[in-house]
Amino acid sequence: MKDLKSGEFRPVPLRRVHLSKGPHTKKTRPLGIPVVRDRVGQKVLRRLLEPLFEPLFQEASFGFRPKRNCHQAIQWVLSLHDDGYGFVLDADIEGFFDHIP
């Protein structure tokens, strides 16, 4: 807590683990595991920042938000379909940048 308040906090590098994407593929996805001290620091910062930023998010945003989940996102899309919308745009910004030279 002292390091966070003084601005001296420096996170420890993550422990990198590669998880299999399934039994029928050799592909893996990387997972970064922080030490407990860093997880506590992340939680403290989230509690400070969340009340400031949460009101700014779009109503249709469901990812990693308090009291929101994937089931609600699906329900939102289904309600839009019922209202006559016929297209869904899924934009993966990170994946997009994988294909730019």
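Residues numbered from 1 in each chain as written. Predicted model: local features only at pLDDT ≥ 70, side-chain atom pairs only at ≥ 80, totals over all residues. Heavy atoms only, no water.

Enquirer: Describe in detail unusual backbone geometry, supporting the description with residues and values.
Expert: For Phe64, which is not glycine, the phi torsion reads 55 degrees and is therefore positive. With respect to the secondary-structure elements, Phe64 resides in the loop between α2 (36-53) and α3 (70-82). Positioned with a positive phi, Lys67 is a non-glycine residue whose angle comes to about 60 degrees. Tracing the backbone through its elements, the reader meets Lys67 in the loop between α2 and α3. (Helix = DSSP H or I, 4+ residues; strand = E, 2+ residues; numbered from the N terminus.)

Enquirer: Give me the packing of aromatic side chains: which residues, what numbers.
Expert: Any pair of aromatic rings gets described here by the distance separating the centres and the angle formed by the planes. The tally for this structure, following the rule as stated, stands at one aromatic pair. One Lys or Arg, Arg68, reaches over the ring of Phe62 and ends 4.8 Å from the middle of that ring. (Phe/Tyr/Trp six-rings, centres within 6.5 Å; stacked < 30°, edge-to-face > 60°. Lys NZ or Arg CZ within 6 Å of the ring centre and 35° of its normal.)

Enquirer: Residue-level account of the layout of surface pockets, with values.
Expert: One number sums up the size of the largest pocket: a volume of about 260 Å³. Forming the walls of the largest pocket are Ala60, Phe62, Ala73, Trp76, Val77, Leu80, His81, Tyr85, Gly86, Phe87, Val88 and Leu89. Along the lines of polarity and charge, the residues of the lining of the largest pocket split into ten nonpolar, two polar and no charged. As a volume, the second largest pocket reaches approximately 150 Å³. Along the walls of the second largest pocket sit Arg46, Glu50, Phe64 and Pro66, which together make up its complete lining. Classifying every residue of the lining of the second largest pocket by side-chain character gives two nonpolar, no polar and two charged. (1 Å grid on protein atoms, 1.4 Å probe; cavity = no way out; pocket = protein on both sides within 12 Å on 5 of 7 lines; lining within 4 Å. Points joined across faces, edges and corners; volume = space filled by probe spheres on them. Nonpolar A, V, L, I, M, F, W, Y, C, P; charged D, E, K, R; others polar.)

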